[in-house]
Amino acid sequence: MTSEITGNGGDLLVQVLREAGVDTVFGIVSVHNQPLVQAVSKHLRFVPVRHEATAVSAADGYARATGGLGCALTSTGTGAGNAAGSLIESLSAGTSVLHVTGNVESRYLGSGRGFIHETKDQLGMLEAVSTYAATILDAESAGKVLRDGIARALEKPGGPASIEWPIDLQYAAQTFTPQQLAVTAPAPADPTQVRAAVELLRGAKRPVIWAGGGVAQAGPQLTELVERWGAALLTSNSGRGAVAEDHALCIGNYGSSPLGRALLADADVLLSLGTHFRSNETGDYSMPVPAVHVQVDLDEKALGRVYPAQAGVVADTAQFLDAVLASDIGAAVDPGWTRRACETREQVRAKQRAGLGDHAALSDAVRAVLPLDSVIARDVTIASSSWGNRLLPIHDPKSNVFPRGGGIGQGLGMAIGAALADETRPTLGLVGDGGLAVHFGELLTMAQEQPWLVLLVCNDGGYGVLRNMQKGGGQATYAVDLVTPDFALLAKSIGVPYQRISGASEAHSVLEYAVALRGPVIVEVDLAAYGEMPSPFTPPVTVPGTAAH
């Protein structure tokens with residue numbers, strides 16, 4: 001018989017986090033969350049970040065790296081507001097994050113009298129940026145509210161759950177018993193929908209599979225289908241790694257490239273799995289799609305939302321693929337099509353290497369010195385958008401961490417969270433100088449917590465992506481040049497080792513040395529010394545008044 005536990009709200013939070021397998025929490029202590037932080041600091045690991053947005057980003061990175069739940073603690077009002085931007089990223093990516101924020105005393109909720117840290121309709125704000133949001137209104141219901149939030153965060157397709165907890169109820173006495181975490185599994189696919197999909201797939205001679213983030217836990221089934229069918233596999237950025245990217249039929253995140261578009265234009269069937277068809281990965285939806293499109297997604301509203309679907313299946317991708325593999329989809333794929341898929345895989349990479357020039361050496365060095373399961377946490381920067389999101393081979397979905405919503409500055413927080421999720425292997429944080437400056441103070445968090453984290457800072461003195469975009473449009477550049485620090489002096493001031501890469505020949509040896517330090521290290525890529533890419537990267541977005549990409 002399970003014995004009762006007594007304590008306060010902080011002790012209850014620790015218990016429900018243990019039930020969810022969480023051992024590390026990120027946040028900032030405040031007068032409106034002290035009982036929570038005190039208990040977490042005593043019984044788990046509390047990581048004091050420097051900004052609430054980073055608390056959520058780090059919890060997000062922790063969740064992606066573990067495949068489980070991440071937790072962030074913030075204060076009420078401004079603190080909760082600061083967290084909102086990173087909650088939007090978690091919502092966009094469907095990451096399982098529990099965000100617990102304080103609130104004013106329960107007797108003052110909604111009074112509008114300007115109590116310190118009070119804000120207008122905080123719950124409404126949290127509902128707008130979370131999958132689920134709720135308020136703890138009394139001590140008796142606190143455990144249920146927390147567990148309901150965790151369950152909603154962990155349910156597929158996932159997303160952040162935000163719980164606001166008035167400070168007096170955090171201090172209130174609690175009596176509780178440990179419980180088994182209960183998460184609702186996705187409903188089985190409708191057999192009628194599956195049969196209709198299989199009928200359209202059966203006999204395809206030139207099939208293409210487009211895999212999105214929904215395939216993260218369906219790698220074995222997807223790999224088997226690709227090999228049995230002989231199909232070409234394209235992925236979104238989120239779908240990378242479910243099939244190892246050294247697989248001969250895995251073309252990867254090149255669907256919007258000229259060769260990827262040509263392949264799609266000649267295909268007779270497209271099977272899309274758990275993807276949003278994001279604008280930046282489809283050329284603002286100009287990417288061609290075959291006449292027959294079978295779409296699988298947990299969200300019924302996604303079916304046909306971007307591209308018409310002749311058959312739609314509401315299902316978990318792994319369950320759907322199990323059903324397909326148990327059926328007979330035929331073996332009529334043209335062997336020449338399978339050869340073309342393999343050739344396209346090689347051709348897109350060769351073309352990208354030519355456009356990258358010496359910058360391809362950075363990608364090669366990262367892959368050579370880091371274990372295949374190391375997290376590569378990438379901020380929005382030229383290096384990420386060019387080689388990090390495509391050329392760099394990914395072998396495990398958990399290692400593929402990046403801001404899916406496109407927000408700059410979240411990469412370092414994600415890298416810290418991922419690094420502290422598993423300290424037995426190194427983590428790489430790939431950032432630019434502009435994005436790093438957004439949450440510059442988190443360098444102090446890195447120095448304080450000492451994760452095994454190699455922070456690769458590509459320094460071009462500003463917002464390089466936008467600079468290239470402006471230059472590419474024939475404009476004089478504006479608002480893109482930034483003052484950057486002397487990174488060697490900066491690293492010395494916070495007690496973190498520093499290394500510098502000034503040319504392609506140094507990439508491998510410097511990164512190898514940095515990884516061997518088994519702790520935090522700043523590696524600056526001095527892009528002024530390194531030199532430009534033969535084909536400067538510009539973002540794949542359409543600018544009104546200009547020709548579409």
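Residues numbered from 1 in each chain as written. Predicted model: local features only at pLDDT ≥ 70, side-chain atom pairs only at ≥ 80, totals over all residues. Heavy atoms only, no water.

Caption draft 1: Geometry of the overall build of the protein chain. Each helix and strand in the protein chain was counted, giving 21 helices and 20 strands. The C-alpha radius of gyration of the protein chain comes to 24 Å, within 12% of the 24 Å expected for a compact globule of 549 residues. Per-residue burial over the protein chain gives 55% buried out of 549 residues. Taken as a whole, the protein chain presents about 21,300 Å² of accessible surface, with 53% of it coming from carbon and sulfur. (Helix = DSSP H or I, 4+ residues; strand = E, 2+ residues; numbered from the N terminus. Rg over C-alpha atoms; globule rule 2.2 N^0.38 Å. Buried < 20%, exposed > 50% of the residue type's maximum accessible area, 1.4 Å probe, protein only. Areas by Shrake-Rupley, 256 points an atom, 1.4 Å probe, with all protein chains shown as cover.)

Caption draft 2: Representation of the nonpolar core. Counting 84 residues, the largest nonpolar core has Ile209, Leu222, Trp229, Leu271, Phe320, Trp387 and Leu456 as the members making the most contacts within it. Counting 73 residues, the second-largest nonpolar core is a separate cluster that includes Val16, Leu87, Met414 and Leu420. (Core = buried A, V, L, I, M, F, W, Y, C linked by side-chain atoms within 4.5 Å.)

Caption draft 3: Here's a closer look at the pattern of salt bridges. All told, the structure shown has 18 salt bridges when counted by the stated rule. A salt bridge links Glu19 to Arg147; the shortest N-O distance between them is 2.9 Å. Residue Glu19 is located in helix α1 (residues 9-19), and its partner Arg147 is located in helix α6 (residues 142-154); the two are separated by 128 residues in the primary sequence. Considered together, Glu19 and Arg147 belong to a single accessibility category, that of buried residues. For Arg45, the salt bridge identified is with Glu423, shortest N-O distance 3.0 Å. With Arg45 in strand β3 (residues 45-48) and Glu423 in the loop between α15 (411-421) and β17 (427-432), the pair connects residues that are 378 residues apart, well separated along the chain. (Salt bridge = Lys/Arg side-chain N within 4 Å of Asp/Glu carboxyl O.)

Caption draft 4: Structural detail: the sheet that holds strand β2 (residues 24-27). Across the sheet, which stays open at both edges, the six strands sit in the order β3-β2-β4-β5-β7-β6 with parallel pairing between neighbours. Single-partner strands in this sheet number two, and they are β3 and β6 (132-135). With direction set aside, neighbouring strand axes in the sheet form an average angle of 20°. Bridge count between β6 and strand β7 (residues 160-166): four bridges; the pairing is parallel. (Pairing = 2+ DSSP bridges. Axes fitted to C-alpha atoms, helices over the stretch in contact; angles between N-to-C directions.)

Caption draft 5: Focus on the environment of Leu200. The topology assignment puts Leu200 in helix α8 (residues 191-201). Separated by 94 residues in the primary sequence, Leu200 and Val294 have C-alpha atoms spaced 7.5 Å apart. Beyond its immediate sequence surroundings of up to four residues, Leu200 is in contact with Val269, Val292, Val294, Gln310 and Ala311. (Contact = heavy atoms within 4.5 Å.)

Caption draft 6: Up close: the environment of Ile5. In this structure, Ile5 sits in strand β1 (residues 5-7). Its relative accessible area of 30% is what places Ile5 among the partly exposed residues. Separated by 170 residues in the primary sequence, Ile5 and Thr175 place their C-alpha atoms 5.5 Å from one another. Setting aside its immediate chain neighbours within four residues, Ile5 contacts Gln15, Gln174, Thr175, Phe176 and Pro178.

Caption draft 7: Here's a closer look at the sheet that holds β17. Taken in spatial order, the six strands line up as β16-β15-β17-β18-β20-β19 in an open sheet, and their pairing is parallel. Each having just a single partner strand, β16 (400-401) and β19 (498-501) make up the two edges of the open sheet. Two strands pair when backbone bridges link them, and strand β15 (residues 376-378) and β17 are joined in this way by three bridges, in the parallel orientation. Looking at the pairing, Arg378 lines up with Leu430 of β17. This element, α15, spans β15, β16, β17 and β18 (453-459) of the sheet and lies at about 175° to β17.

Caption draft 8: Focus on the pairing of strand β20 (residues 521-526). Buried residues dominate β20, accounting for six of its six residues. Neither face of β20 is exposed, since Val521, Val523 and Val525 on one face and Ile522, Glu524 and Asp526 on the opposite face are all buried. Bridging between β18 and β20 involves six bridges; their strand directions are parallel. When the bridges of β20 are listed, Leu456 appears paired with Val523. Pairing between β19 and β20: four bridges, direction parallel. Along β20, the bridge assignment pairs Arg500 with Glu524. Read from β19 through helix α20 (residues 507-516) to β20, the crossover connection turns out right-handed. (Right-handed = clockwise from strand over helix to strand, strands pointing away.)

Caption draft 9: Summary view of the packing of aromatic side chains. Tallied over the full model, the rule gives three aromatic pairs. Arranged with centres 6.1 Å apart and planes meeting at 70°, the rings of Phe26 and Tyr62 form a pair that is edge-to-face. Of this pair, Phe26 sits in strand β2 while Tyr62 sits in helix α3 (residues 52-66), and the two are 36 residues apart along the sequence. Of the two residues examined, Phe26 and Tyr62, each falls in the buried class. Plain terms: the ring middles of Phe277 and Tyr307 are 5.1 Å apart, the flat faces sit at 80° to each other, and that makes the pair edge-to-face. Note that Phe277 is positioned in the loop between β12 (269-273) and β13 (292-297) and Tyr307 in the loop between β13 and β14 (311-314), a separation of 30 residues in sequence. Just as Phe277 is buried, Tyr307 falls in that class too. Clustering of aromatic rings is evident, with ring pairs tying together Trp210, Phe277 and Tyr307. (Phe/Tyr/Trp six-rings, centres within 6.5 Å; stacked < 30°, edge-to-face > 60°.)

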